[in-house]
Amino acid sequence: MHKVISPFGFLKTVDKNLELFVHTGLAVILILTVCHLAGACMKYIRQPAVLGEMIGGVLLGPTLFGSLMPSAYTAVFYPVSSADGSLIEVKSVLFVLSNIGLSFYMFLVGAEIDYKYLSKKTLVHGGWLSLTATGVPFLLGMLAGWVFYDTLSNPQRVGETGFMIYMGTVLAITAFPMLARILQENKIVNTPMGVTALFSASVQDVISWILLAFVLVNLQGKDIQQGLIALTGAVVFILVCFYLLRPLLLLLEKDMIRSGSMGPLHLAVVLIVVLSAALVTDKIGLYSVFGGFFTGLVMPRGALFQRELMSKLNDIVVVFFLPIFFAFSGLSTDLMQVIKPEIVIPGLVILALAFAGKYFPALFTMKALGYSWRESSAVGSLIYARGLMELIIGNIGLAYGIIPLSTFTVIVLVAVISTLAATPLFRLSIGSLPARAIPSAAPEPQQAWETSDRR
């Protein structure tokens, strides 16, 4: 553990709690400044801002900030001696903030999954795409987990089977929120291609979180009985969400409709529900993000509820909490880890499988379903992106001791590289077709692009 005397003498106060607030405030200001500047740079070159924020978090870690300014880096993020000689644990506060933020972010992700545009055809197409784009990378990840078990895992903490499932989940996850936003920006959300991609991505994420939950349940106890208790708790929690919590939330929505808006009491109920669910899932042996995600899935889908919910929560979660999570992840990311001789080959293999295992199954599945090569490639490029979802899985693996820091760094690279490549590959796939030429609801997948070509 790092322990230093803070060089920021002007921050010293008599009150330890006040000093903790001052140090934490300094860290948060630095995080928000760096991450949002990096995000603005990414937007300038037509990349998602979240990519810049992810990179900003990495730069604040030992890779750059810790390397160039080690004293300042340690003073900002690690325990420092306060005026009374006790320790100021800034990193612990950042951990709490990042977990609260992640719980609400995953809640918003779950709440955004909307199937109102689904038809029988897109349901079938999305099902096939989910099967191949989840199954193939999951099997490849399991294979990589088996081959590199001794190198990439913590053998003392996780068994071979558990690690194989974990690595399968690492490669099976996709960035549903990012995919949705790219489709919205290009005005193709309501095309058969867009609806199929959205439905498939949501199914892939739900399957991936369930698989990860299985791994975590497996890690909770040293005997079968404890594992079964954790698994039973997870099943009961999900059933309570869908069959008890959902009807109560629908009553909350009706009260909102009567009042015409989401008032303070309505919002307070939502916040209490999400935080309670996060605490419950943590207590039963799952990560807090599961609680947020499943409460999001059972939230009402009415227009007023959705609009009010997003307007009140989205900005504070995305602008304030997520950069803190990126920075906290960055503190565990040292890119020098990937040049270690024993990590180079496994790392390159994981990066290659992350692309091939997602892009090509999606490409060939979409083509087999009757879409054009360009549509198929566009969907493959979006499915390939992991974004924030990959970072969350990496942090869960690190928190539960499944993986060491070197493997976590490889996972961060997968998140950054896949997110970096997704938008350019998507634009290359759709070519010069103007977004306005793509109809909002084409009867057949192939016709949507052929009509645009004629125009």
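Here is what the cut-offs are and how they apply
- Residues numbered from 1 in each chain as written.
- Predicted model: local features only at pLDDT ≥ 70, side-chain atom pairs only at ≥ 80, totals over all residues.
- Heavy atoms only, no water.
- Salt bridge = Lys/Arg side-chain N within 4 Å of Asp/Glu carboxyl O.
- Helix = DSSP H or I, 4+ residues; strand = E, 2+ residues; numbered from the N terminus.
- Buried < 20%, exposed > 50% of the residue type's maximum accessible area, 1.4 Å probe, protein only.
- Axes fitted to C-alpha atoms, helices over the stretch in contact; angles between N-to-C directions.
- Parallel < 35°, antiparallel > 145°, perpendicular 65-115°, else oblique.
- Left-handed = near helix turned anticlockwise from the far one by under 90°.
- Contact = heavy atoms within 4.5 Å.
- Phe/Tyr/Trp six-rings, centres within 6.5 Å; stacked < 30°, edge-to-face > 60°.
- pLDDT = per-residue confidence, 0-100.
- Core = buried A, V, L, I, M, F, W, Y, C linked by side-chain atoms within 4.5 Å.
- Lys, Arg positive; Asp, Glu negative; His and termini not counted.

**Student:** Before we go on, may I ask you to explain the pattern of salt bridges in this structure?
**Tutor:** Within this structure, the stated rule accounts for one salt bridge. For Asp255, the salt bridge identified is with Arg258, shortest N-O distance 3.2 Å. Remark: Arg258 and Asp255 occur in helix 11 (residues 224-259); sequence separation between them is three residues, near one turn of the helix. For Asp255, a relative accessible area of 33% puts it in the partly exposed group. Residue classification places Arg258 among the exposed positions, given a relative accessible area of 64%.

**Student:** Can you walk me through the packing of helix 8 (residues 160-172) against helix 17 (residues 387-399) in this structure?
**Tutor:** Pairs of packed helices are described in terms of their axes, by the angle between the two and the distance that separates them. Interaxial distance between helix 8 and helix 17 falls to 9 Å at its minimum, and their mutual angle equals 160°. As the angle between them shows, helix 8 and helix 17 are arranged roughly antiparallel. In terms of crossing hand, the pair formed by helix 8 and helix 17 is left-handed. Between helix 8 and helix 17, the residues in contact are Tyr166, Thr169 and Val170 and Glu390, Ile393, Gly394 and Gly397, respectively.

**Student:** Before we go on, may I ask you to explain helix 4 (residues 70-77) in this structure?
**Tutor:** In terms of residue burial, helix 4 counts as a mostly covered element, since six of its eight residues are buried. Buried within helix 4 we find Ala72, Tyr73, Thr74, Ala75, Val76 and Phe77.

**Student:** Could you clarify how one ought to interpret the packing of aromatic side chains in this entry?
**Tutor:** For any pair of aromatic rings, the description rests on two quantities: the centre-to-centre distance and the angle between the ring planes. For the structure on display, the rule yields 14 aromatic pairs. Considering the side-chain rings of Phe293 and Phe294, the 5.7 Å spacing of their centres and the 75° angle between planes classify their relative orientation as edge-to-face. Its relative accessible area of 1% is what places Phe293 among the buried residues. For Phe294, a relative accessible area of 6% translates into the label buried.

**Student:** Please explain the confidence of the model for the protein chain as it appears in this structure.
**Tutor:** Close inspection of predicted coordinates is inappropriate for parts of the model with low pLDDT. With 84% of its residues at a pLDDT of 70 or more, the protein chain has an overall mean of 83. Mean pLDDT across the elements of the protein chain ranges from a minimum in helix 19 (residues 445-454), with 35, to a maximum in helix 15 (residues 341-368), with 93. A low-confidence stretch, residues 1-5 (pLDDT under 50), is modelled with 14 contacts involving residues beyond four sequence positions or located in other chains. Across residues 433-455, confidence stays below pLDDT 50; counting only partners more than four residues off in sequence or on other chains, it has 36 contacts.

**Student:** Quick question: what am I supposed to make of unusual backbone geometry here?
**Tutor:** Negative phi characterises most residues that are not glycine, and trans characterises most peptide bonds. Even without being a glycine, Arg46 presents a positive backbone phi close to 65°. Mapped onto the secondary structure, Arg46 falls in the loop between helix 1 (16-44) and helix 2 (49-59).

**Student:** I'm lost on the nonpolar core in this one. Help?
**Tutor:** Ranked by size, the top nonpolar core spans 113 residues in total, and within it Tyr166, Trp209, Phe290 and Ile396 carry the most contacts. The leading source of residues in this core is helix 10 (residues 192-219), at 11 residues. Not counting chain neighbours up to four residues away, the residues in contact with Tyr166 comprise Leu212, Val215, Ile393, Gly394, Gly397, Ile402, Ile403 and Ile411. Residues Cys35, Phe77, Phe321 and Phe328 belong to the second largest nonpolar core, which totals 19 residues.

**Student:** Help me understand the environment of Leu60, please; the structure alone is not making it clear to me.
**Tutor:** Residue position: Leu60 is located in the loop between helix 2 and helix 3 (65-68). If we skip the residues at most four places from it in the chain, Leu60 touches Leu30, Ile31, Val34, Phe65, Tyr73, Phe77, Ala327 and Leu331.

**Student:** Looking at this structure, I do not really get the side chain of Glu390. What am I missing?
**Tutor:** Within the secondary structure, Glu390 sits in helix 17. Despite being buried, Glu390 has no salt bridge partner; Arg386 is the closest side chain of opposite charge, sitting 4.6 Å away. What Glu390 contacts, discounting residues up to four positions off in sequence, is Val170, Ile173, Ile411, Val414 and Ala415.

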